[in-house]
Amino acid sequence: MEELVEELKKAIIETLNLEDITPEDIDADAPLFGSGLGLDSIDALELIVLIEKRYGIKLKDPSKSREVFKSVNVMAQFIAENRTK
Amino acid sequence: MNRKKIYIQAAEQISMQQPLSEEWMTAPAAYEEPLVKAVNPVFRDYLPANEARRMGNIMKRALVTALKVLADTGTEHPDAIVTGTSLGCLDYTERFLDAMVENGEQTLSPTFFMQSTHNTVGSALGIYTKTHGYNVTYSHGCVSFELSLLDAWMQLQTGNAQTTLVGGHDEMVESYFDLLRKTGYVGQPGMVPCSEVAMSMLLTTGSGKDRLCELAGIRLCNSPTMTDIQALTDEMLAEAGMERAAVSAVMTGINGHPDNDQCYREVADALFPDVPLLRYKHLFGENHTVSALGTYAAAQLLKQNSIPTFMYDERRPQRCDSLSGLLLINQMKGREYAFTLLRRP
Amino acid sequence: MTEPILVTGAGIVSAIGIGKEETLASLLAGRTGIRPMKYLHSCHSELPVGEVQLSNEEMMRRMGVDADPGLTRTALMGRIALGEALEQAGLEGKALRKVHLISATTVGGMDRREAFHAQEKSCDRQHAMIAVHNCGDSTEMIARHFGEFASLSTVSTACSSATNAIITGANMLRCGLADVVVCGGSESLSLFHLNGFNTLMILDQQPCRPFDRDRAGLNLGEGAAYIVLETAASASRRGARPLCRLSGYGNACDAFHQTASSDNGEGAFRAMDEALRMAGLKPADIQYVNAHGTGTPNNDESETHALRRVFGSELPPVSSTKSFTGHTTSASGSIEAVICMLAMQHRFLPANMNWTTPMDNGITPVTYVPDAAPAELTHVLSNAFGFGGNDSALILSKCDCQP
């Protein structure tokens, strides 16, 4: 799981072009949206694409995204349970 | 309708010359390559990384030139924002298209798509500056900028705005340059390089000491005869209350391509055979909205009331000690013409 | 507004018909054009769309032009609609030298480019010409079928493009730069923007339900429409019969987000408010609003809020005809303006299809009633809101000189 969390942090930084941020800067329990990293609805859509591309998970309902992407740890848990790649 | 006087108050550029600077007037950079990207400023100095992370070059450049012009003029919210761009966020458009074809319409990036509509640049300016006024984007090849200038002029004439931020912006990527080269538009032997454009200017109806110049007239026409062009320029001069003799020089978009240059020379020779001819594309390259940089350059020449020697078209011997009025001619495919008349205030 | 701006010609093509007559018949019959995908070949073929019911080849035959791989679907539809408008206004041949064309598109020739994109790296000059077809080329391709216009322009502000083209044309008349302008837009479906909207997850897998509590997104459509605008002096000189007046318009920026509208619909409110003030009208003077009404959760919520800010508790009848045509993006402003004209001329309220349940605090739009009683429409408001918050509104009014 730790490996997946690290992998995810790097993927989030790359996909969302968070130039000034390193994996060490991201608290795996902190909220990704609103406060914390302060991501927005477009970022949520990019993360939906990310989990499909890398882990083969198709999230059909965008309203579920805030739940699934609550924090890096929550995201990692969801991926571990649902990945097909 | 009684015409108001309209002024270009300030203008900033990012191009293949030094960005946000008039250094090109004394020490211009010269290039041999057929494609030259713009020289970027340090974007971080103007835009927080978090806000700029989603933006391609064209958008960052448009924002920086706009923010600088607004700062230069002490303007928080222009009344209107009008933008000209022919290809919009070309980089992101190409990436989305490539990915769509490669991935079989799966797992595509929303960020690339949402910036592929041509108005993203203009609307980003509205969003960033929180400006609720009139906001429109024109996208019509090589006259995209002049159409924006014309609309800005109309907003000021009708009183819908007292200040208007006008811009001409276009970027280039290698793969698209290759296509344009195949069509013969750029990359031909003897031509200036293909380059990139970012130019923002603030137009205002208020006169003042800090104005670069007056926008005395702007007109566009399609498939005109020489008689049509003569009549149009006569009308433009009359409306501006200018005699023909007040046009001190004519600036054209010659770029080393024989067909392109021929169009310009025919018109310049017919309209104003005896005045100095100026050129700007050897400084700023060729691109659909590069006439925005020509307009910016002309405004600077009028403000400084001097013409660097390297801006003269060597085909004519005439030179100019003092500038009163300057006519810019822009044309597209020998069919669509734009005429911009600038005057020292 | 000082000088009246008259509409003397209109042309339209969309999923509900080729030309005004077919369009009118569909609206009166409650017959929508949202259908399974037929002409566009996408992996996402389950998405309902509003396609013009003609293939490119059929459109070329109809226009009497030779088959040409460079002729785009946007240009073909544009030509059909522009032809109808010019014919009604009695404008052709040399007369076009005094007419300024302001068209709108975003997609332009992308349909042709994406079909051959895989072969681009090794393509020849002719293919390269097709690949670099830009918005301005699109307008030129539409225009050249008819002759030489005084000037050509192209507006591109996403879903408010055609409305803004009409506004630019009107401003040219007001500023004395033209006596006659023809304005509108054309946009064909493309894989590019179908997939683009799909990645934004705002497409409904079912026919769209504007203003319904359970709405789930928009259906993309395609089409073209143009209207001829001229000064009263010009119409009189030419003996052109006015159909209605453009009595007001507004353009404002929401300045909120690139793909979402603000909660309080600031840009939309300002655009509508500006249009009313220009027309010298009170909100109570409006008899019908053709809403932008895409069917997305965000737009309909935001637009409802903006409508309430303008009209208070006295909302006139409102409907979204995107439930008939789909969202025709850059052409929607002019397509919906022509629909408004048909409504005024034939005295009916276009319906908002597929609506059953109100949103919280939502509006109750006009629902379809066969053989409804005639509706006297003197002033009609039409909204168009583009990505990036480019929000525009038009008011069309009965001509004083109409019988």
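No experiment lies behind these values; they were computed from the predicted model shown.

Observations concerning the overall build of chain C
A count of helical and extended segments in chain C gives 13 helices and 11 strands. Each of the 403 residues in chain C was classed as buried or not, and the buried ones make up 64%. Excluding contacts between residues fewer than 6 apart, the proportion of contacts in chain C whose partners are at least 24 apart in sequence is 79%.

As for the overall build of chain B
For chain B, the helix and strand inventory stands at 11 helices and 10 strands. Here chain B has a C-alpha radius of gyration of 19 Å; the compact-globule value for 345 residues is 20 Å, and the two agree. Considering only contacts in chain B between residues 6 or more positions apart, those separated by 24 or more positions represent 78%.

Section: the domain arrangement of chain C
Residues and elements named next belong to chain C. Domain annotation of chain C identifies domain 1 (5-238) and domain 2 (246-397). A separation of 21 Å is found between the C-alpha centroids of domain 1 and domain 2. Taken residue by residue, the interface counts 63 residues in domain 1 and 56 residues in domain 2. For the side of domain 1 that touches domain 2, the elements supplying multiple residues, two or more each, are β1 (5-14), α1 (20-29), α7 (161-174), β5 (180-187) and β6 (223-231). When residues in the side of domain 1 that touches domain 2 are grouped by element, the largest group, 7 residues, is from α7. Taken together, the residues of the side of domain 1 that touches domain 2 break down into 32 nonpolar, 22 polar and 9 charged.

Considerations on the interface of chain B and chain C
Taken together, the contact between chain B and chain C spans 48 residues of the former and 57 residues of the latter. At the level of secondary structure, the elements contributing two or more residues to the side of chain B that touches chain C comprise α3 (90-102), α4 (110-114), α5 (120-129), β3 (134-138), α6 (144-157), α7 (174-183) and β6 (213-222) of chain B. For the side of chain B that touches chain C, the element with the highest residue contribution is β3 of chain B, accounting for 5 residues.

Focus: the interface of chain C and chain A
On the side of chain A, 5 residues touch chain C, which itself brings 5 residues to the contact. By residue class, the composition of the side of chain C that touches chain A is 3 nonpolar, 2 polar and no charged.

What about the environment of leucine 40 of chain C?
Residues and elements named next belong to chain C. Structurally, leucine 40 can be placed in the loop between α1 and α2 (56-63). With 19 C-beta atoms packed within 10 Å, leucine 40 lands in the partly exposed category. Between the alpha carbons of leucine 40 and arginine 61 there is a distance of 19 Å; along the sequence they are 21 residues apart. Residues contacting leucine 40, with those up to four places away along its chain left out, are Val49, Glu51, Leu189, Leu191 and Leu194.

Here's the deal with the domain arrangement of chain B
Residues and elements named next belong to chain B. Domain parsing of chain B yields domain 1 (7-204) and domain 2 (213-343). Taking the mean C-alpha position of each, domain 1 and domain 2 sit 22 Å from one another. The partner domain 2 presents 31 residues to the 43 residues of domain 1 that form the contact. A per-class count over the side of domain 1 that touches domain 2 returns 26 nonpolar, 13 polar and 4 charged.

Details of the packing of helix α1 (residues 2-15) of chain A against helix α4 (residues 72-82) of chain A
All names here are of chain A. In the contact formed by α1 and α4, the axes pass within 9 Å of each other and the chain directions differ by 115 degrees. When the axes of α1 and α4 are compared, the pair comes out roughly perpendicular. Crossing handedness for the pair α1 and α4: right-handed. Only Val72, Asn73, Met75, Ala76, Ile79 and Ala80 of α4 make contact with α1, whose side of the interface consists of Leu4, Val5, Leu8 and Lys9. Residue composition of the contact of α1 with α4, by class: 8 nonpolar, 1 polar and 1 charged.

Observations concerning helix α11 (residues 291-304) of chain B
Residues and elements named next belong to chain B. The end-to-end C-alpha distance of α11, which contains 14 residues, comes to 20 Å, matching closely the 20 Å that a straight helix rising 1.5 Å per residue would cover. Counting buried positions along α11 yields 11 of 14 residues, so the element is predominantly enclosed. In the segment just after α11, asparagine 305 is the residue with positive phi, at about 55 degrees.

A word on the nonpolar core
If you look at the biggest cluster of nonpolar residues, it comprises 263 residues, and the most contacted ones within it are Ile227, Leu229 and Met341 of chain C. If sequence neighbours within four positions are ignored, leucine 229 of chain C has contacts with Ile5, Leu6, Val7, Gly169, Ala170, Leu173, Val181, Cys183 and Leu246 of chain C.

Concerning the pairing of β3 of chain B
Residue and element names in this part refer to chain B. Within β3, 5 of the 5 residues are buried, which leaves it mostly tucked inside the rest of the structure. The alternating pattern of β3 places Tyr134, Val136 and Tyr138 and Asn135 and Thr137 on opposite faces, both of which are buried. Bridge count between strand β2 (residues 80-84) and β3: 5 bridges; the pairing is parallel. Bridge pairing links alanine 80 to tyrosine 134 in β3.

A few points about helix α8 (residues 226-239) of chain B
Here α8 of chain B spans 20 Å end to end across 14 residues, near enough to the 20 Å set by a 1.5 Å rise per residue. Phi turns positive, to about 65 degrees, at glycine 241 of chain B, one or two residues after α8 of chain B.

A word on the pairing of strand β11 (residues 390-397) of chain C
Residue and element names in this part refer to chain C. Within β11, 8 of the 8 residues are buried, which leaves the element mostly enclosed by the surrounding structure. Bridging between strand β7 (residues 244-253) and β11 involves 8 bridges; their strand directions are antiparallel. Bridge pairing in β11 places leucine 246 opposite leucine 396. Strand direction decides the pairing type here: strand β10 (residues 379-386) and β11, joined by 8 bridges, are antiparallel. Across the sheet, the residue bridging to asparagine 383 is alanine 393, located in β11. What sits between the antiparallel neighbours β10 and β11 is a turn of 3 residues, in which glycine 388 has the positive phi angle 90 degrees.

Remarks on the confidence of the model for chain C
Residues shown with low pLDDT carry predicted positions that ought not to be read at fine detail. Per-residue confidence for chain C averages 96 on the pLDDT scale, and 99% of its residues sit at or above 70. Taken over the whole predicted complex, pTM reads 0.97, whereas the ipTM for its chain interfaces reads 0.98.

Calculation criteria
- Each chain has its residues counted from 1, running along the sequence as written.
- Following the order in which they are written, the chains are lettered starting with A and the ligands numbered starting with 1.
- With the structure being a predicted model, the display of local features is reserved for residues of pLDDT at least 70 and the display and counting of side-chain atom pairs for 80 or more, all residues being used for whole-chain, interface and lining totals.
- Runs of H or I in DSSP of at least four residues are treated as helices and runs of E of at least two as strands, each being numbered from the N terminus.
- As a rule, residues whose C-beta atom has 12 or fewer other C-beta atoms within 10 Å are exposed, those with 20 or more are buried, and those in between are partly exposed; C-beta atoms are placed from the backbone.
- Contacts here follow a simple rule: the backbone-placed C-beta atoms of the two residues must lie within 7 Å.
- Each radius of gyration is computed over the set of C-alpha atoms, and the globule rule expresses the reference value as 2.2 Å times the number of residues to the power 0.38.
- As annotated, the domain borders come from an automatic or database domain assignment.
- Under the grouping applied here, Gly and all other residues not named as nonpolar or charged are polar, the nonpolar ones being Ala, Val, Leu, Ile, Met, Phe, Trp, Tyr, Cys and Pro and the charged ones Asp, Glu, Lys and Arg.
- Helix axes use the C-alpha atoms of the stretch in contact, all axes being lines fitted to C-alpha atoms, and the angles between their N-to-C directions lie in the range 0 to 180 degrees.
- For classification purposes, angles smaller than 35 degrees are called roughly parallel, those larger than 145 roughly antiparallel, those between 65 and 115 roughly perpendicular, and all remaining angles oblique.
- Working rule for handedness: look at the near helix, and if it is turned counterclockwise from the far one by less than a right angle, call the crossing left-handed; if clockwise, right-handed.
- The span expected for a helix works out to 1.5 Å for each residue beyond the first.
- Only buried residues count toward a nonpolar core: Ala, Val, Leu, Ile, Met, Phe, Trp, Tyr and Cys, linked into one set through C-beta atoms within 7 Å.
- We call two strands paired when DSSP finds no fewer than two bridges between them.
- A score between 0 and 100, pLDDT records how confident the predictor is in each residue.

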